[in-house]
Amino acid sequence: MKLLNYTTSYLAGLLLLIISIWAALFYYAMLDEIYDSIDDGLDNQKGLIIQKVTVDSSLLRQGDFNEGGLLIREISADKALHFYDQYSDTTMYMQNEKEFEPVRLLRTVFAHNGRYYQMNVYTSMVEEDDLVLELFYALLWLYLGLLATILLLNNFLLKHIWKP
C-alpha cells in the first residue's frame, strides 16, 4: 500500500469517528432545543388559559380534552399544594391521522376563587422516529461530502508536497 493511501485511510477512519461523535451530540442538542421550545409554548398556553378562566369560568366545567388540547378538573387543596408542574411525552389518538401520534403534555395546578384545579395541556410534537431518520440522512450526506472533499484535497496536496 502506498504511503499516500495509508495516510488517507487513517484520516478517513478518524473522520468517521469524530463526525459520529459530533452527530450524536448534535442530535441530543437538537432534541433538547425542541423540547425546550415545546415546553415554553406549553407554559405560554398555561398562562393564557389561566387568564381566560378569570374572565370565563365555563372552561372549568369541561370534562374531557377538547379541540384546544385542554383538560381541567378540580382537586383537593392538599393535593394541589404538593403538586409540581410535570412535562411528559405520551401519545394521543389523532382523528385526522387515524393513529396515535406523539404529544408533549403539561400537568399543572392553579387556584381560582379559592378552589384548586389540575390542568392538562398538550401539544403535538415532532415525531422522534422521523427526526432521527431525517438527521441520519442529513448527517450521512454531510459526512460523505466532507469525507470526499477532505480525501480529494488531502490526496492532491500530499501528491504535490511529496514530489521529489
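Note that the coordinates shown come from a computational prediction; the quantities given were computed from them, not determined experimentally.

### Considerations on the packing of aromatic side chains
Link 1 in the chain: Applying the stated rule across the entire model yields 2 aromatic pairs.
Link 2 in the chain: Judged by centre distance (5.1 Å) and plane angle (70°), the ring pair of Tyr 27 and Tyr 28 falls under edge-to-face.
Link 3 in the chain: Judged by relative accessible area, Tyr 28 falls into the exposed class, the value being 56%.
Link 4 in the chain: Measuring from centroid to centroid gives 5.7 Å for Phe 110 and Tyr 117, while their planes differ by 25°, and the two rings are stacked.

### Let's talk about the sheet that holds strand β2 (residues 86–94)
Link 1 in the chain: Taken together, 4 strands build an open sheet; the order of strands is β1-β4-β3-β2 and the sheet is antiparallel. A single partner strand is all that each edge strand has here, and the edge strands are β1 (70–75) and β2. Averaged over all pairs of adjacent strands, the angle between their axes in this sheet comes to 30°, without regard to strand direction.
Link 2 in the chain: Inspection of the sheet shows β1 paired to strand β4 (residues 115–124) by 6 bridges, in the antiparallel sense. Its bridge partner lying in β4, Ile 72 is registered against Met 119.

### So, a negative patch on the surface
Link 1 in the chain: Where like charges cluster on the molecular surface, the negative patch consists of Asp 32, Glu 33, Asp 36, Asp 40 and Asp 43.
Link 2 in the chain: Examined against the element boundaries, Asp 36 turns out to sit in helix α1 (residues 3–55).

### Notes on the pairing of β4
Link 1 in the chain: In the sheet, strand β3 (residues 99–112) pairs with β4 via 10 bridges, with the strands oriented antiparallel. If you follow Leu 106 over to β4, its bridge partner there is Val 121.
Link 2 in the chain: Between the antiparallel neighbours β3 and β4 lie 2 residues, among them Asn 113 with a positive phi of about 55°.

### Focus: the pattern of salt bridges
Link 1 in the chain: If you walk through the whole model with that rule in mind, you get 4 salt bridges.
Link 2 in the chain: In this structure, Asp 89 engages Arg 104 in a salt bridge whose closest nitrogen and oxygen atoms are separated by 2.7 Å. One end of the pair, Asp 89, is in strand β2; the other, Arg 104, is in strand β3, with 15 residues separating them in the sequence.
Link 3 in the chain: A single network of salt bridges, built from pairs that share partners, joins Asp 39, Asp 89 and Arg 104.

### Examining a nonpolar patch on the surface
Link 1 in the chain: Taken together, Leu 3, Tyr 6, Tyr 10, Leu 153, Phe 156, Leu 157, Ile 161 and Trp 162 make up a surface patch of nonpolar side chains, about 890 Å² in accessible area.
Link 2 in the chain: Secondary-structure elements contributing two or more residues to the nonpolar patch are α1 and α3 (128–161).
Link 3 in the chain: Broken down by element, the residue count for the nonpolar patch peaks at 4 residues, all from α3.
Link 4 in the chain: Along the chain, Tyr 10 turns up in helix α1.

### Re the environment of Ser 20
Link 1 in the chain: For Ser 20, the location among the structural elements is in helix α1.
Link 2 in the chain: In the structure, Ser 20 is positioned 119 residues away from Leu 139 in sequence and 8.8 Å away in space, judged by C-alpha atoms.
Link 3 in the chain: One polar contact links the side chain of Ser 20 to the main-chain carbonyl oxygen of Leu 16, over a distance of 2.7 Å.

The rules behind each value
Position labels on residues start from 1 in each chain and follow its written sequence. The predicted nature of this model means local features are confined to residues of pLDDT at least 70 and side-chain atom pairs, given and counted, to a pLDDT of 80 or more, with totals for whole chains, interfaces and linings taken over all residues. Hydrogens are left out, water is left out, and the side-chain values use all remaining heavy atoms of the structure. Whether two aromatic rings pair depends on their centres lying within 6.5 Å, for rings of Phe, Tyr and Trp, where Trp uses its six-membered ring; planes under 30 degrees apart make the pair stacked, over 60 edge-to-face, and the rest tilted. Exposed residues in this analysis have more than 50% of their type's maximum accessible area, buried residues have under 20%, and partly exposed residues fall in between, with area computed by a 1.4 Å probe over protein chains only. In short, DSSP must find at least two bridges between two strands for them to pair. For the purposes of this entry, the term helix denotes a DSSP run of H or I that reaches at least four residues, the term strand denotes a run of E that reaches at least two, and both are numbered from the N terminus. Working convention: axes come from line fits to C-alpha atoms, limited for helices to the stretch in contact. Angles between N-to-C directions cover 0 to 180 degrees. Like charges are joined within 9 Å and nonpolar side chains (Val, Leu, Ile, Met, Phe, Trp, Tyr) within 5 Å, but only among residues with over 30% relative accessible area and no salt bridge; these make up the patches. Computed by Shrake-Rupley with a 1.4 Å probe, the accessible areas treat only the displayed protein chains as cover when residues are assessed. Any carboxyl oxygen of Asp or Glu that lies within 4 Å of a side-chain nitrogen of Lys or Arg is treated as forming a salt bridge with it. Counting rule applied: Lys, Arg positive; Asp, Glu negative; His and chain ends not counted. To locate a charge, take atom NZ for lysine, CZ for arginine, CG for aspartate or CD for glutamate. Whenever a nitrogen or oxygen atom comes within 3.5 Å of another N or O atom, the pair is scored as a polar contact, on the condition that within protein one atom can donate a hydrogen and the other can accept it, and that pairs from neighbouring residues in sequence are kept only if both atoms are in side chains.

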